[in-house]
Amino acid sequence: LAKTTQPISMDSYEGQEVNITCSHNNIATNDYITWYQQFPSQGPRFIIQGYKTKVTNEVASLFIPADRKSSTLSLPRVSLSDTAVYYCLVEAAGNKLTFGGGTRVLVKP
Amino acid sequence: DVKVTQSSRYLVKRTGEKVFLECVQDMDHENMFWYRQDPGLGLRLIYFSYDVKMKEKGDIPEGYSVSREKKERFSLILESASTNQTSMYLCASFRVTEAFFGQGTRLTVV
């Protein structure tokens, strides 16, 4: 049973806000929610992580509702260089990371 | 900055060869992982290690082994390379819940 479910792909335009929602209905009490970004021919790169409520850094925001059964990654004012695959992961500290299929985001001019 | 270095960016090997993929991290992390990534299949976990001389099988360990003699180095070994092991191989080390990946090794077995 997949731990997370996220859309396969999303298209956007430069300057728009992109929101990617991830479902994780079976999240456990000690699980964290982490998002990674991957460009072609590179390894994934950590973007943001949260446990509950809202987290913001210089790259993105992460919104987590009280029940923690979903989360939304928000990328403000995307540019062409934000075209990548975005992965949502739910894991406890020290556990192995299991990557799903990710969401392929295409930013158009 | 944490650095995870994989020994080769591109590698071409012949069927039946023994292949070593090396990964070194410079942040004293205990946890290290090896993944392979193929189009349409995402990242799949091959092996991981929580400490020196410790190893655990991931989801697809068949045809692979690993070695962790020193904390900073985690090697993936293809005992007898086959064409179905042609793939992008990614190494990662962990700090609590954050993974740091190497640049990847694209291995082609001919």
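Provided above is the structure to which this section pertains.
To keep things clear, this report deals only with the structure shown in the data block. (Residues numbered from 1 in each chain as written. Chains lettered and ligands numbered in written order. Predicted model: local features only at pLDDT ≥ 70, side-chain atom pairs only at ≥ 80, totals over all residues. Heavy atoms only, no water.)

## Considerations on the state of the cysteines
Residues and elements named next belong to chain A.
Then, in step 1: Tallied over the full model, the rule gives 2 disulfides over all chains.
Then, in step 2: Each sulfur of the disulfide joining Cys22 and Cys88 lies 2.2 Å from the other. Every disulfide takes its handedness from the sign of the S-S torsion; for Cys22 and Cys88 that torsion is -80 degrees, giving left-handed. Taken together, the positions of Cys22 in strand β2 (residues 18–23) and Cys88 in strand β8 (residues 84–92) put the pair 66 residues apart, joining distant regions of the chain. Judged on exposure class, the residue Cys22 and its partner Cys88 are both buried. (Disulfide = S-S within 2.5 Å. Helix = DSSP H or I, 4+ residues; strand = E, 2+ residues; numbered from the N terminus. Buried < 20%, exposed > 50% of the residue type's maximum accessible area, 1.4 Å probe, protein only.)

## Comments concerning the pattern of salt bridges
Residues and elements named next belong to chain B.
Then, in step 1: Inspection of every chain in the model, using the stated rule, returns 9 salt bridges over all chains.
Then, in step 2: Across the salt bridge formed by Lys53 and Glu69, the nearest N and O atoms sit 2.5 Å from each other. Of this pair, Lys53 sits in the loop between β6 (42–49) and β7 (56–57) while Glu69 sits in strand β8 (residues 64–70), and the two are 16 residues apart along the sequence. Like Glu69, Lys53 is exposed. (Salt bridge = Lys/Arg side-chain N within 4 Å of Asp/Glu carboxyl O.)

## Brief notes about the interface of chain A and chain B
Then, in step 1: Each side of the interface is counted separately: chain A has 18 residues, and chain B has 21 residues.
Then, in step 2: Both sides of the chain A and chain B interface together cover about 1,500 Å² of buried area, and 53% of this is carbon and sulfur.
Then, in step 3: When the area that chain A buries against chain B is broken down by residue, the three leading residues are A:Ser41, A:Lys96 and A:Leu97, summing to 32%.
Then, in step 4: Our enumeration of links across chain A and chain B arrives at 0 salt bridges.
Then, in step 5: Run the count over chain A and chain B and you get 5 residue pairs in polar contact (both at pLDDT 80 or more). (Contact = heavy atoms within 4.5 Å. Buried area = accessible area lost by both parts, 1.4 Å probe. Polar contact = N/O pair within 3.5 Å; in protein donor to acceptor, adjacent residues only side chain to side chain.)

## Brief notes about the pairing of strand β9 (residues 103–108) of chain A
All names here are of chain A.
Then, in step 1: Judged by which residues are buried, β9 turns out to be one-sided: Thr103, Val105 and Val107 face inward and are buried, whereas Arg104, Leu106 and Lys108, on the alternate face, are not.
Then, in step 2: As paired elements, β8 and β9 share 3 bridges and run antiparallel to each other. Within the sheet, the bridge partner assigned to Val85 lies in β9 and is Arg104. (Pairing = 2+ DSSP bridges.)

## Some remarks on the sheet that holds β8(A)
All names here are of chain A.
Then, in step 1: Strand order in the open sheet formed by 5 strands is β1-β9-β8-β3-β4, and the pairing between neighbours is mixed. In this open sheet, the two edge strands, each paired with only one partner strand, are β1 (9–13) and β4 (45–50). With strand direction ignored, the average angle separating the axes of adjacent strands in the sheet is 25 degrees.
Then, in step 2: Judged from the 5 bridges that link them, strand β3 (residues 31–38) and β4 form a sheet pairing that is antiparallel. Residue pairing across strands places Ile33 opposite Gly50, the latter belonging to β4. (Axes fitted to C-alpha atoms, helices over the stretch in contact; angles between N-to-C directions.)

## Thoughts on the sheet that holds strand β5 (residues 53–56) of chain A
Residue and element names in this part refer to chain A.
Then, in step 1: Across the sheet, which stays open at both edges, the 4 strands sit in the order β2-β7-β6-β5 with antiparallel pairing between neighbours. Because the sheet does not close on itself, it has two edges, and the strands there are β2 and β5. In this sheet, neighbouring strand axes are inclined to one another by 15 degrees on average, regardless of whether the strands run parallel or antiparallel.
Then, in step 2: Both β5 and strand β6 (residues 61–64) contribute to a ladder of 4 bridges, which runs antiparallel. Note on β6: the bridge partner recorded for Thr56 is Ser61.

## Looking at the nonpolar core
Then, in step 1: Judged by nonpolar contacts, the single largest core of 21 residues is most densely connected at B:Trp34, B:Ile46, B:Leu76, B:Leu78 and B:Tyr89.
Then, in step 2: Of all the elements in the fold, those that place two or more residues in this core are β3 (19–21), β5 (31–38), β6, β8, β9 (73–78), β10 (87–95) and β12 (105–109) of chain B.
Then, in step 3: A total of 3 residues in this core trace back to one element, the largest contributor, which is β9(B).
Then, in step 4: Membership of the second largest hydrophobic core comes to 20 residues, among which are A:Ile47, A:Ala60, A:Cys88 and A:Val105. (Core = buried A, V, L, I, M, F, W, Y, C linked by side-chain atoms within 4.5 Å.)

## Brief notes about unusual backbone geometry
Residue and element names in this part refer to chain B.
Then, in step 1: Positive phi, normally seen in glycine, also occurs at Asp28, with a value near 60 degrees.
Then, in step 2: Relative to the assigned elements, Asp28 resides in the loop between β4 (23–25) and β5.
Then, in step 3: For Lys53, which is not glycine, the phi torsion reads 65 degrees and is therefore positive.

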